[in-house]
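# Close look at the chain arrangement
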Amino acid sequence: MVAAKYSKIPGLVACETFHKVLVSAPVKHPEDNAAKAMGQGYDLLAVGLTFGAAVALFTVLGVWGDRRLGTTPLLTLIGVFAGLGLGGFWVYQKVKRPG
């Protein structure tokens, strides 16, 4: 046994006992969650891009409608707020859903 060989070093027995406990315990490696963390990052990226796309789409539709009808700020503002509302609702639905 190692402790008997180095018995002149007082902390060695305690250190050996401590490490035996650590070695016998299951160790979870950080690489195990790497794929899951990467997937969560892409999910958040998709949520942000979808929200931005909704706001941009409704804003462009509002600008297009304003140019066609001659109501310069009205439909643009309606488009912006519709994009914010619908995009925000979609983000809320994605975030509150478990899993």
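See the structure printed just above.
### Some details on the side chain of Asp 66
Residue placement: Asp 66 occurs in helix H3 (residues 34–69). In this structure Asp 66 is buried but unpaired, with Arg 67 as the nearest side chain of opposite charge at 8.2 Å. A polar atom in the side chain of Asp 66 sits 2.5 Å from the side chain of Thr 76.

### Quick notes on the environment of Phe 51
Examined against the element boundaries, Phe 51 turns out to sit in helix H3. Residues Phe 51 and Gly 85, 34 residues apart in the sequence, show an inter-C-alpha distance of 9.7 Å.

### What about helix H4 (residues 74–96)?
Compared with an ideal rise of 1.5 Å per residue, which puts 23 residues at 33 Å, H4 spans 33 Å between its outermost C-alpha atoms and is within 8% of the ideal. Buried within H4 are the following residues: Thr 76, Gly 79, Gly 83 and Gly 87.

What counts and what doesn't
- Residues numbered from 1 in each chain as written.
- Predicted model: local features only at pLDDT ≥ 70, side-chain atom pairs only at ≥ 80, totals over all residues.
- Heavy atoms only, no water.
- Helix = DSSP H or I, 4+ residues; strand = E, 2+ residues; numbered from the N terminus.
- Buried < 20%, exposed > 50% of the residue type's maximum accessible area, 1.4 Å probe, protein only.
- Lys, Arg positive; Asp, Glu negative; His and termini not counted.
- Salt bridge = Lys/Arg side-chain N within 4 Å of Asp/Glu carboxyl O.
- Polar contact = N/O pair within 3.5 Å; in protein donor to acceptor, adjacent residues only side chain to side chain.
- Expected span 1.5 Å × (residues − 1).

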